[in-house]
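# Per-entry structural report
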Protein chains: 2
Amino acid sequence: MPPDELSIIDRYFRPLAGEGAFGLADDAGRLDVPADADLVVTTDMVAMKVHFLPGDPPDTIAQKALRVNISDLAAKGARPLAYVLSLGVSEDIDEAWLAAFAQGLKEDHERYGIRLLGGDTVFVHAGPIVSITAFGSAPKGGMVHRSGGHPGDVLYVSGTIGAGAVGLALLRGEPGPWEALSAAGREALIGRYRVPEPRTALTPAIAEFASAAMDISDGLVGDCDKLTVASGCSATIEAERVPLPDGLAGRLDEPTLGRLLTSGDDYEVLAAVPQARAAAFEAAARAADVAVTRIGRLTEATNPARVLLEGCALRLSRRSFVHESGRGRS
Amino acid sequence: MPPDELSIIDRYFRPLAGEGAFGLADDAGRLDVPADADLVVTTDMVAMKVHFLPGDPPDTIAQKALRVNISDLAAKGARPLAYVLSLGVSEDIDEAWLAAFAQGLKEDHERYGIRLLGGDTVFVHAGPIVSITAFGSAPKGGMVHRSGGHPGDVLYVSGTIGAGAVGLALLRGEPGPWEALSAAGREALIGRYRVPEPRTALTPAIAEFASAAMDISDGLVGDCDKLTVASGCSATIEAERVPLPDGLAGRLDEPTLGRLLTSGDDYEVLAAVPQARAAAFEAAARAADVAVTRIGRLTEATNPARVLLEGCALRLSRRSFVHESGRGRS
């Protein structure tokens, strides 16, 4: 059983309060935005059996909730500033859970240069549930939208696609080619499902060179559709170019490849970069030590993106993970 | 059963999207803060059986979730600007529920001059659950804190105290002096439990004259303790001065009076105003058509506030509503 609300704030969240939070002893926080910056705001709620599994380590739940928000900021060319946290606590949550949850946040404060500005703790009948609103600063007028892409722009993804989906499959004990991975390889992918790695190091390159960008949270193909709809164009994705987790490339049949390209939990960046800036973008990414891979191009038509495998249409049974009642990600 | 996530956004939330929300078709929103203002940020999560009851009208749930945040802004001397919304949707939510929920928000957009900047929709196993982060603008350096009070300051409350608690007691069918109220009187108090009335009209007066202020959400006495702890002083509350809902004054025994002074869901403002400014504050409140009542003073000592009834200590079995596992407000 958890302690009461005020004890939770005192013991676990007050030590995390940053500048403008007034020690979490006020009704609200104050966020000072640099005069030469735009304030970028994003919010995500993470729930059990949708974004994390019962029994997942609490520090990973905290970090996932925070990082899915930081991932949105990174894809908009915005540097993390601060966040507010609402935590729904259920009967099964104890002090050890709360301590580990707070410790997960604390580690990420240092890692991402972000601070806690405020919060709310509520007792709920089924939880835990975490809602975070995160704030970032982008260069004035420089927030990168989904809507800025043009036909001819090169499409890039950061990192690899499918690590989160494979991690979840491993946690559920689903048979598949991932069973052939080493124990360390499997652990790494489970880690990626539980704790995304937002590409904050890529933020300056996105802000400087990308015409459009977004974070991939619901599947590469469907999220690419969202970017092309917003940009009023289409795209071609060459599936054989899509970077896959170590040890899986070349081992996937077509349905499994299609599944990884349409599953959630990647939290990588999809960026469109004008051809003339592509080399500079790649150089900036290299300098930032973030792998980026050309996977296709934006094209003229406005129908959904074509996904090709060796030049032929890849058969996809869906385009993205869609949250629907009764069939979450678990 | 609810429609899928993208349909919910398309049908119900996109029409509410305001400036900087990019039609809810991006990863994040942009919030432009006036150059001469400070950005004030608050967040509150409202959950079933804690803040609202199963079967409550969905428009009232939406308005309660939004208004508890607006109430925080009002007490800080901040004018509402925008908000982001995370909605946890459970299996029992249907299109009619969502339409009414969105309609409740829409009405409050007009009432409070606030706009939707972004959001997230998640399917949850027990819901609905609503998390809102709201943004307001205060005059530069002018956010009113809990910590600015001084001994001698006059303590004011807006409106009446206990309406929400009585409304909840009526909804639960609890016996009490409220049974003697007219049907219209009972309905009005139930309405106040379901939908608070944040005192935004009082915001300029608070910003100009109050040394410290907060919104009363967890009970007058306990919330006053929070203000005095933050201000490093104590207080005396004269219970007989505390304004009660119409028809209840003079009908309450001591335990029931104590209960109303320590129950949640008031969402009125508690403000400390230096004696020299008290007349100006009262005049400004009158001009804004918000009732404010002197209920006591801040005092020197640092022990908890004294609550007097006709000069003698009022016996209180608690000082505030505290969220605790397993015993929410319902």
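Residues and elements named next belong to chain B. Helix α3 (residues 95-112) packs onto helix α1 (residues 5-13) with a crossing angle of 45° between their chain directions and a minimal axis gap of 10 Å. Viewed along their axes, α1 and α3 adopt a mutual orientation that is oblique. As α1 runs across α3, the sense of the crossing is right-handed. Contacts from Ile8, Tyr12 and Phe13 in α1 reach Leu98, Ala99 and Ala102 in α3. Taken together, the residues of the contact of α1 with α3 break down into six nonpolar, no polar and no charged.

What follows is about the interface of chain A and chain B. Taken together, the 58 residues of chain A in the interface contact 59 residues of chain B. Elements that contribute at least two residues to the side of chain A that touches chain B include exactly α1 (5-13), β1 (29-31), β2 (37-47), α2 (58-75), β3 (79-89), β4 (115-123), β5 (129-139) and β7 (212-216) of chain A. Among the residues forming the side of chain A that touches chain B, the class breakdown is 28 nonpolar, 15 polar and 15 charged. For β1(A) and strand β2 (residues 37-47) of chain B, the ladder comprises three bridges, and the chain directions are antiparallel.

Right, let's talk about the packing of α2(A) against helix α3 (residues 95-112) of chain A for a bit. All names here are of chain A. At a minimum axis distance of 7 Å, the contact between α2 and α3 shows a crossing angle of 40°. One way to sum up the angle between α2 and α3 is to call them oblique. For the element pair α2 and α3, the recorded crossing hand is right-handed. Residues Pro58, Asp59, Thr60, Ile61, Ala62, Gln63, Leu66, Arg67 and Ile70 of α2 pack against Trp97, Ala100, Phe101, Gln103, Gly104, Leu105, Asp108 and Tyr112 of α3. In terms of residue class, the contact of α2 with α3 is built from 10 nonpolar, four polar and three charged.

Right, let's get into the relation of the copies chain A and chain B. In the superposition of chain A on chain B (RMSD 0.0 Å, axial shift 0.0 Å), the rotation amounts to 180°. In short, the pair behaves as if placed about a two-fold rotation axis. By C-alpha distance to the rotation axis, the residue of chain A lying nearest is A:Ala126, at 2.9 Å. Most of the interface of chain A is mirrored in chain B, where 100% of its interface residues are also at the interface.

The next thing to look at is the domain arrangement of chain A. Residues and elements named next belong to chain A. According to the domain assignment, chain A consists of domain 1 (5-139) and domain 2 (146-313). The straight-line distance from the C-alpha centre of domain 1 to that of domain 2 is 26 Å. Each partner contributes to the interface: domain 1 provides 20 residues, whereas domain 2 provides 17 residues. For the side of domain 1 that touches domain 2, the secondary structure elements donating two or more residues are α2, β3 and β5. Per-element accounting of the side of domain 1 that touches domain 2 gives the leading share, 10 residues, to α2.

Right, let's get into the sheet that holds strand β9 (residues 268-273) of chain A. What holds strands together in a sheet is hydrogen bonding between their backbones, with the strands either parallel or antiparallel. All names here are of chain A. One open sheet accounts for seven strands, arranged β7-β9-β6-β10-β8-β11-β12; its pairing is mixed. Looking at strand neighbours, the two that pair on one side only are β7 and β12 (312-313), the edges of this open sheet. One ladder, built from five bridges, connects β7 with β9; its direction is antiparallel. Bridging across to β9, methionine 214 finds its partner in leucine 270. Across the sheet, helix α7 (residues 220-231) lies against β6 (154-158), β7, β8 (234-238), β9, β10 (292-299) and β11 (306-309), angled at about 155° from β7, the strand it touches most. With respect to the sheet, helix α9 (residues 275-287) is in contact with β6, β9 and β10, its orientation differing from that of β9 by roughly 145°.

Cis geometry marks the peptide bond from A:Gly127 to A:Pro128; its omega dihedral reads 0°. Here B:Leu24, not a glycine, exhibits a phi torsion of approximately 55°, which is positive. Of note, B:Leu24 is situated in the loop between α1 and β1 (29-31).

Judged by pairing direction, the sheet is mixed, and its five strands sit side by side in the order β1(A)-β2(B)-β5(B)-β3(B)-β4(B) without closing on themselves. Two strands in the sheet have a free side with no partner beyond their single neighbour: β1 of chain A together with β4 (115-123) of chain B. Within the sheet, the average angular offset between the axes of one strand and its neighbour, ignoring direction, is 20°. As paired strands, β2(B) and strand β5 (residues 129-139) of chain B are joined by 11 bridges and run antiparallel to one another. Among the inter-strand pairings, B:Val46 is bridged to a residue of β5(B), identified as B:Val130.

Residues and elements named next belong to chain B. Pairing between strand β8 (residues 234-238) and strand β10 (residues 292-299): four bridges, direction antiparallel. Note on β10: the bridge partner recorded for threonine 236 is arginine 297. As paired elements, β8 and strand β11 (residues 306-309) share three bridges and run parallel to each other. From the neighbouring strand, threonine 236 faces β11, where its bridge partner is arginine 306.

Rules used in this analysis
Residues numbered from 1 in each chain as written. Chains lettered and ligands numbered in written order. Predicted model: local features only at pLDDT ≥ 70, side-chain atom pairs only at ≥ 80, totals over all residues. Axes fitted to C-alpha atoms, helices over the stretch in contact; angles between N-to-C directions. Helix = DSSP H or I, 4+ residues; strand = E, 2+ residues; numbered from the N terminus. Parallel < 35°, antiparallel > 145°, perpendicular 65-115°, else oblique. Left-handed = near helix turned anticlockwise from the far one by under 90°. Contact = placed C-beta atoms within 7 Å. Nonpolar A, V, L, I, M, F, W, Y, C, P; charged D, E, K, R; others polar. Pairing = 2+ DSSP bridges. Least-squares fit on C-alpha atoms with pLDDT ≥ 70 in both. Domains from an automatic or database assignment.

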